[in-house]
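# Structural characterization, general
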Amino acid sequence: MQKKRTRRGSDNKNNNAKVTGRKNELIGVGLVALGLVFICGIMGLNVGFVGIYFAKFLQYFCGIGSMIPAVAFIYLGYNYIMKGTGFQLDKRSIGIGLMFVTLLSIFHHFMVPAGSEILPSELQRGGGLLGGIVLLFMRKLFGVAGAIVILGAGFVGSILLATTWSLANGIFKTQKGVEISASVAKKGVEKSAEAVKD
């Protein structure tokens, strides 16, 4: 009796795993399809009023970076299909999100003059509504010059969150490389001076 129950239990687990796997694959296919529709809409292809509506939304919300969310849908769908996992909120994903927002805001800073950050006519050619709102907030708090400094610091911080790169190690390696280059250049100058004397 116990063997039969064990077999039934294992069969049920296998069936549940298959159902879950198929469900994840269906979700993944749907997300990939949505991402492709958004990309086609952004490129100006005919994807119906729904596809065009969402493509326009992405263009106004993210501006020049509107392709990134569409590609993110495809990547998320790929994860569902191949790994059975969706979006996971961790340090790396937060870093990537912060990097995207700061890049949009920095681009908006150079493309849009002060006072026009969230004007509809400026959103698509800049960092969109997302970049515009963040930039407007930063300019209100820190001024035009201070905003770009804070955004630059935010971008560096996002890289540290999203990767294993260390700022201190990077500076140390750069310093060491400069010292080696300076030493080689100094030796070269000394050899040249000796050759001239001879």
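Residues numbered from 1 in each chain as written. Predicted model: local features only at pLDDT ≥ 70, side-chain atom pairs only at ≥ 80, totals over all residues. Heavy atoms only, no water.

### Here we look at a nonpolar patch on the surface
A cluster of nonpolar side chains, namely V29, Y75, Y78, I81 and M82, defines an oily patch on the protein surface of about 520 Å² accessible area. No other element matches helix α3 (residues 67-82), which puts four residues into the nonpolar patch. Mapped onto the elements, Y78 comes out in helix α3. A relative accessible area of 45% places Y78 in the partly exposed class. (Patch = residues over 30% accessible without salt bridge, like charges linked within 9 Å, V, L, I, M, F, W, Y side chains within 5 Å. Areas by Shrake-Rupley, 256 points an atom, 1.4 Å probe, with all protein chains shown as cover. Salt bridge = Lys/Arg side-chain N within 4 Å of Asp/Glu carboxyl O. Helix = DSSP H or I, 4+ residues; strand = E, 2+ residues; numbered from the N terminus. Buried < 20%, exposed > 50% of the residue type's maximum accessible area, 1.4 Å probe, protein only.)

### Notes on the packing of helix α2 (residues 48-62) against helix α6 (residues 128-162)
The angle between the axes and the distance between the axes are what describe a pair of packed helices. In contact at an axis separation of 2 Å, α2 and α6 are set at 20° when each is read in the N-to-C sense. Overall, the two elements α2 and α6 adopt an arrangement that is roughly parallel. Each of Y60, F61 and C62 in α2 lies in contact with α6, whose residues at this interface are G128, L129 and L130. Of the residues contributing to the contact of α2 with α6, the split by class is five nonpolar, one polar and no charged. (Axes fitted to C-alpha atoms, helices over the stretch in contact; angles between N-to-C directions. Parallel < 35°, antiparallel > 145°, perpendicular 65-115°, else oblique. Contact = heavy atoms within 4.5 Å. Nonpolar A, V, L, I, M, F, W, Y, C, P; charged D, E, K, R; others polar.)

### Observations concerning the environment of L151
Locating L151 in the fold gives a position in helix α6. We classify L151 as buried; its relative accessible area is 3%. Along the sequence, L151 and I106 sit 45 residues apart, while their C-alpha atoms lie 6.6 Å from each other. Excluding residues within four positions of it along the chain, L151 makes contact with T102, S105, I106, V134, L135 and M138.

### Focus: the side chain of N24
If you trace the backbone, N24 turns up in helix α1 (residues 2-42). The class for N24 is buried, based on a relative accessible area of 14%. Not counting residues up to four positions away in its chain, the partners in contact with N24 are Y80, I81 and G84.

### Observations concerning helix α4 (residues 91-111)
For α4, with 21 residues, the first-to-last C-alpha span of 30 Å sits near the 30 Å given by 1.5 Å per residue. Within α4 the residues assigned to the buried category are S93, G95, T102, L104, S105, I106, H108 and H109. Buried residues along α4 sit against α2, α5 (120-123) and α6. (Expected span 1.5 Å × (residues − 1).)

### Some details on the packing of aromatic side chains
With the rule as written, the count across this model stands at four aromatic pairs. Aromatic side chains F38 and F54 sit 5.7 Å apart centroid to centroid with 40° between the ring planes, which places their arrangement in the tilted category. Placement of F38 in helix α1 and of F54 in helix α2 is noted, with a sequence separation of 16 residues between them. What makes F38 buried here is its relative accessible area of 7%. According to the relative accessible area criterion, F54 is partly exposed, its value standing at 38%. Ring geometry for F57 versus F61: centroids 5.6 Å apart, planes at 10°, classification stacked. Taken as a pair, F57 and F61 lie in helix α2 at a separation of four residues, close to a single helical turn. On the basis of relative accessible area, F57 is assigned to the partly exposed category, the value being 47%. F61 sits in the partly exposed class, given a relative accessible area of 30%. (Phe/Tyr/Trp six-rings, centres within 6.5 Å; stacked < 30°, edge-to-face > 60°.)

### Concerning the nonpolar core
Listed in full, the six residues of the largest apolar core are F38, I39, I42, A55, L58 and A70. Contributing elements (two or more residues each) for this core: α1 and α2. With three residues, α1 is the single largest residue contributor to this core. Aside from chain neighbours lying at most four places away, what touches A70 is G35, F38 and I39. In this structure, I106, L135, M138 and A147 belong to the second largest nonpolar core, which totals five residues. (Core = buried A, V, L, I, M, F, W, Y, C linked by side-chain atoms within 4.5 Å.)

### Topic: the pattern of salt bridges
Within the structure shown, the criterion is met by two salt bridges. Here E117 makes a salt bridge to R139, at a shortest N to O gap of 2.7 Å. One end of the pair, E117, is in the loop between α4 and α5; the other, R139, is in helix α6, with 22 residues separating them in the sequence. According to the relative accessible area criterion, R139 is buried, its value standing at 10%. E122 is the partner of R125 in a salt bridge, and the nearest nitrogen-oxygen pair spans 2.6 Å. The class for R125 is partly exposed, based on a relative accessible area of 38%. Since its relative accessible area comes to 14%, E122 is described here as buried.

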